[in-house]
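# Examination of the molecular architecture
Take a look at the letters that make up each chain.
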Amino acid sequence: MTSALDVTEALDIEPPTTELARRVSSSLDLSTSPNGTFHPASWVKGGGQLTRTSTNKQLKPFATEDIKILLLENVNKTGLDRLEAQGYQVTFLKTSLPEDELIAKIRDYHVIGIRSKTKLTSRVLREAKNLIVIGCFCIGTNQVDTQYAAEHGIAVFNSPFSNSRSVAELVIGEIISLARQLGDRSNEMHRGTWNKVSNGCWEIRGKTLGIIGYGHIGSQLSVLAEAFGMTVVFYDTVNLMALGTAKQLPSLQALLRTADFVTCHVPELPETKNMIGRKEIEYMKEGSYLINASRGSVIEIPALIDAMRAGKIAGAALDVYPAEPGGNGDYFTNDLNPWAEDLRSLKNIILTPHIGGSTEEAQSAIGIEVSEALVRYVNEGSTLGAVNMPEVNLRSLTMDEANHVRVIYIHRNIPGVLRGVNAILGDHNVDKQMTDSRGDVAYLMADISDVNVTLIKDLYQRLESLSSRIMTRVLY
Ligand SMILES: NC(=O)C1=CN([C@@H]2O[C@H](COP(=O)(O)OP(=O)(O)OC[C@H]3O[C@@H](n4cnc5c(N)ncnc54)[C@H](O)[C@@H]3O)[C@@H](O)[C@H]2O)C=CC1
Ligand SMILES: O=C(O)CCC(=O)C(=O)O
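Conventions adopted
Residues numbered from 1 in each chain as written. Chains lettered and ligands numbered in written order. Predicted model: local features only at pLDDT ≥ 70, side-chain atom pairs only at ≥ 80, totals over all residues. Heavy atoms only, no water. Buried < 20%, exposed > 50% of the residue type's maximum accessible area, 1.4 Å probe, protein only. Helix = DSSP H or I, 4+ residues; strand = E, 2+ residues; numbered from the N terminus. Pairing = 2+ DSSP bridges. Axes fitted to C-alpha atoms, helices over the stretch in contact; angles between N-to-C directions. Parallel < 35°, antiparallel > 145°, perpendicular 65-115°, else oblique. Left-handed = near helix turned anticlockwise from the far one by under 90°. Contact = heavy atoms within 4.5 Å. Nonpolar A, V, L, I, M, F, W, Y, C, P; charged D, E, K, R; others polar. Near = heavy atom within 4 Å. Areas by Shrake-Rupley, 256 points an atom, 1.4 Å probe, with all protein chains shown as cover. UniProt positions renumbered as here; feature names shortened; annotations may be inferred. Polar contact = N/O pair within 3.5 Å; in protein donor to acceptor, adjacent residues only side chain to side chain.

Moving on: the pairing of strand β8 (residues 208-212). Burial analysis of β8 places 5 of its 5 residues in the buried class, which makes it a mostly covered element. The side-chain alternation of β8 yields two buried faces, one formed by T208, G210 and I212 and the other by L209 and I211. In this structure, β8 lies alongside strand β9 (residues 231-235), joined through 5 bridges in parallel fashion. The residue bridging I211 from the neighbouring strand is F234, located in β9.

Following this line, the structure appears as structure tokens:
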């Protein structure tokens, strides 16, 4: 923890007397986090090479107490360590929280880190009065009302591809396991039954894999499947470059009629809800296989149950479900999904507890990537990589720029705002400024110089009083 006196040292201004320091501290809400461990990266060119400088200035937020972070769902230690190293106050929980508990808790926090289970609905976010940023330590952001968050100045970050390889590898394992009925044989052996069969068991070489959604995961899977001798076809709403000898098909129906194995890798969207229902299963080949490691809403599970009972579908692997338990040890029963017990009773079905991205490699990489994005946002205001805000970044302030202040003004994207903001900033020298918009929300970042620390409050309040304001942050 740093004191107000340490802060003035960092600002390179004349240290006030202890008495004055105390008064300044309480009137300006000086924060003691981040501490001195964050060194924003900055690169200079010299002798034809890029060299990292370590003279960047450690910014602190005005009008925020110590940064408080709520980390849910057992976020990897790499993320926890990086956030704690900043001096932030981190509350770490292994599970997600039900909505009412979350509402009661979220009010106190400036940052929340979640994975796929915690639902940050508008009802929850409405209560999150101090929240400035959300970190999704996963790929999917469907669990967050990202639009509501943006309209309230809350940035959302995720990790777009750190677990893609892990999901692709899991699916390859499932394709072989389903083709060889491995789950059933293993269960039988566990019960003490020897059942050596080849009937209905196949090699995957020469079979056709149909990938729905050829993004990070789908395309990675495509390469792996071809290495096993599979023919790959895919369907995507976007026209994409096919890897290897894979072929994009013009319709979902064409894919379903062609593939021996169908696997879903689309995001949760209104258009992908029940994308594979009764009609689509009808199109599938007799004795084909269905895999879903995307989101539980994508497959109509009662239709799958009926098709497996009828023998139309020879096997299935599901990693995701419409409703998922909040934490390990919870039950997966009809209380959660009304068909859970029917599903569990089927033959040749692999049911996994949403572990597609659960490997040491993926979780460690996600922990690093998302926590670093959160630190950059909290400490420097950079929105690079945000999924719901325009991407705005300025180079870091340096120790030579001691009396510089960084202003972040998130506002409604309406005419005339810059005139009002610049009338306020214009009392100072605006060294650099960047603004961008995304839909109805715009993000302005400006570094202004020669700001006496006692003027920050006035600057902040004047920006806050503008009618276009969504959120103002001042870092100094
Ligand atoms: N089981 C698990 O643990 C994990 C699950 N996921 C899920 O997998 C999903 C896919 O992940 P990525 O490949 O990284 O996403 P991505 O965004 O890279 O690719 C998704 C692809 O789906 C396509 N698409 C969107 N709507 C479509 C539609 N209606 N029909 C056909 N194609 C459509 C997009 O154009 C895009 O090419 C994520 O959104 C997430 O929900 C991701 C990681 C781990
Ligand atoms: O690992 C998790 O909790 C979620 C994985 C996932 O579904 C995602 O990354 O979107």
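To continue, consider the packing of helix α7 (residues 164-179) against helix α9 (residues 216-227). Taken N-terminus to C-terminus, the directions of α7 and α9 make an angle of 45 degrees; their axes are 8 Å apart at the nearest point. Classed by the angle they form, the pair α7 and α9 counts as oblique. The way α7 lies across α9 gives a crossing that is right-handed. Two secondary-structure elements touch here, α7 through S164, R165, V167, A168, E169, V171 and I172 and α9 through H216, I217, Q220, L221, L224 and A225. Split by residue class, the contact of α7 with α9 holds 8 nonpolar, 3 polar and 2 charged.

Time to look at the sheet that holds strand β16 (residues 429-438). Read across the open sheet, the 4 strands follow the order β16-β17-β15-β18; overall the sheet is antiparallel. Strands at the two margins of the open sheet, each flanked by one partner only, are β16 and β18 (469-475). The mean angle between the axes of side-by-side strands here comes to 10 degrees, regardless of whether they run parallel or antiparallel. For β16 and strand β17 (residues 441-449), the ladder comprises 9 bridges, and the chain directions are antiparallel. The partner of T435 across the bridge, within β17, is L444. Docked against the sheet, helix α14 (residues 360-380) engages β15 (405-412), β17 and β18, running at close to 85 degrees with respect to β18.

Further remarks concern the environment of K119. Of note, K119 is situated in the loop between β5 (111-114) and α5 (122-126). Under the relative-accessibility criterion, K119 is labelled partly exposed at 46%. Each C-alpha atom, one on K119 and one on V144, is 6.0 Å from the other, the two residues being 25 residues apart in sequence. If sequence neighbours within four positions are ignored, K119 has contacts with L102, V124 and Q143.

What follows covers the site of ligand 2. In the vicinity of ligand 2, the contacting residues are R115, S116, C138, I139, G140, N163, R295, H354 and Q363. Considered on its own, ligand 2 offers 290 Å² of accessible surface; in the complex 91% of this is hidden by protein. Residue composition of the shell around ligand 2, by class: 2 nonpolar, 5 polar and 2 charged.

Let us look at the UniProt feature "domain: ACT" (unreviewed entry) in the protein. Here, UniProt's "domain: ACT" (unreviewed entry) annotation points to residues 406-476. Here residues 406-476 runs as 25% helix and 46% strand, with 6 Å between its end C-alpha atoms.

Around ligand 1 there are 26 residues in total, and H216, I217, D236, A293 and D319 lie nearest to it. Contact between ligand 1 and H216: an oxygen atom at 2.9 Å from a main-chain N or O atom of the residue. Contact between ligand 1 and I217: an oxygen atom at 2.9 Å from a main-chain N or O atom of the residue. Expressed as a share of its isolated accessible area of 860 Å², the protein-covered part of ligand 1 is 86%. The residue inventory of the shell around ligand 1, partitioned by class, reads 12 nonpolar, 11 polar and 3 charged.

This part is about the sheet that holds strand β7 (residues 155-157). Across the sheet, 5 strands lie side by side as β4-β3-β5-β6-β7; this open sheet has parallel pairing. Of all strands in the sheet, those with a lone pairing partner are β4 (89-92) and β7, marking the two edges. In this sheet, neighbouring strand axes are inclined to one another by 15 degrees on average, regardless of whether the strands run parallel or antiparallel. Examined bridge by bridge, β5 and strand β6 (residues 133-136) share 4 bridges and lie parallel to one another. Each bridged residue has a counterpart across the sheet, and for I114 the counterpart in β6 is C136.

The next subject is unusual backbone geometry. We note that N274 has phi near 50 degrees; this positive angle belongs to a residue other than glycine. Mapped onto the fold, N274 is located in the loop between β11 (261-264) and α11 (278-283). Notably, N348 is not glycine yet its phi reads approximately 50 degrees, a positive angle. Considering the arrangement of structural elements, one finds N348 in the loop between α13 (340-344) and β14 (349-351).

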